[in-house]
Amino acid sequence: KFEKIWLVFGIISLIVFLSIVGVTAFSHDHHPSGGTDTIDPKKVDQTAPFDNPGVTQIDEDTYQVAIVASAFSYAPLELRVPAGKEIIFKVTSKDVVHSFTIDDTKVNMMVVPGQITTRAYTFEKPGKYLILCNEYCGTGHHFMFTEIEVH
Ligand code: CUA
């Protein structure tokens, strides 16, 4: 009789354990404003949102910006976002490690092939901000930069 109780207890513990693991794994996947996810670096162009990189409005106060870094540029070339709204940057690399660093801000993201790095930022002031690569990535490293226009 005792064995049966222990068996039931064991099964319940297993279920509880598995649901905790499941919930943890699930919530790990859902971090809209910060963290990393994995991606196949060879399939960046076919994987959303990088199949159509650029600015997407999510809701009234939130915009997502998908960026693909590769030696030695960022795609897309044109970036325009509003000031005072939350901008969620999602960046990945197709080749080697780069960075996505926005001058004069706290945004300094490491861009690693196989990973999607996410970082939320709100620009307080309109203007043109320089985006540059801070990680040495090869001969064109010093020419790897672009601009984001905040309006
Ligand atoms: Cu890309 Cu340095």
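First things first, this report covers the structure right here in the doc. (Residues numbered from 1 in each chain as written. Predicted model: local features only at pLDDT ≥ 70, side-chain atom pairs only at ≥ 80, totals over all residues. Heavy atoms only, no water.)

1. Notes on the sheet that holds strand S10 (residues 127-132)
Argument step 1. Pairing in this open sheet of five strands is mixed, and the strands run S5-S11-S10-S7-S8 from one edge to the other. The strands lining the two open edges of the sheet, one partner per strand, are strand S5 (80-81) and strand S8 (108-111).
Argument step 2. Examined bridge by bridge, strand S7 (residues 98-102) and S8 share four bridges and lie antiparallel to one another. Counterpart to Phe100 in the pairing with S8 is Met109. (Pairing = 2+ DSSP bridges. Helix = DSSP H or I, 4+ residues; strand = E, 2+ residues; numbered from the N terminus.)

2. Some points on the pattern of salt bridges
Argument step 1. Considering all chains together, one arrives at three salt bridges under this definition.
Argument step 2. Close ionic contact of Asp61 with Lys85 constitutes a salt bridge, the shortest N to O distance being 3.4 Å. Residue Asp61 is located in the loop between strand S2 (54-59) and strand S3 (62-70), and its partner Lys85 is located in the loop between S5 and strand S6 (86-93); the two are separated by 24 residues in the primary sequence. (Salt bridge = Lys/Arg side-chain N within 4 Å of Asp/Glu carboxyl O.)

3. Here we look at the side chain of Thr117
Argument step 1. Looking at the element boundaries, Thr117 is found in strand S9 (residues 115-122).
Argument step 2. A polar atom in the side chain of Thr117 sits 3.0 Å from the backbone oxygen of Met110. (Polar contact = N/O pair within 3.5 Å; in protein donor to acceptor, adjacent residues only side chain to side chain.)

4. Description of the pairing of S2
Argument step 1. Bridge analysis of S2 against S3 gives five bridges, and the strand direction is antiparallel. Paired with Gly54 across the two strands is Ala66, which belongs to S3.
Argument step 2. Between the antiparallel neighbours S2 and S3 lie two residues.

5. Some points on the environment of Gly54
Argument step 1. With respect to the helices, strands and loops of the structure, Gly54 is situated in strand S2.
Argument step 2. Taking the C-alpha atoms as reference points, Gly54 and Gln64, separated by ten residues in sequence, lie 8.0 Å from one another.
Argument step 3. With near-sequence residues (within four places) excluded, Gly54 lies in contact with Gln64, Val65, Ala66 and Pro76. (Contact = heavy atoms within 4.5 Å.)

6. A few points about the nonpolar core
Argument step 1. With 24 residues, the main nonpolar core has Tyr74, Phe89, Phe100, Ile102, Phe123 and Ile148 as its most contacted residues.
Argument step 2. Put simply, the parts of the chain that give this core at least two residues each are S3, S6, S7, S8, S10 and strand S11 (145-150).
Argument step 3. Per-element accounting of this core gives the leading share, four residues, to S3.
Argument step 4. Ignoring sequence-local partners within four residues, the contact set of Ile148 consists of Leu79, Val81, Phe89, Phe123, Gly127, Lys128, Tyr129 and Ile131.
Argument step 5. In terms of nonpolar packing, the next biggest core, distinct from the first, is built from six residues, Val44, Phe50, Ala66 and Val68 among them. (Core = buried A, V, L, I, M, F, W, Y, C linked by side-chain atoms within 4.5 Å. Buried < 20%, exposed > 50% of the residue type's maximum accessible area, 1.4 Å probe, protein only.)

Functional significance is not addressed by these values, which are geometric in nature.
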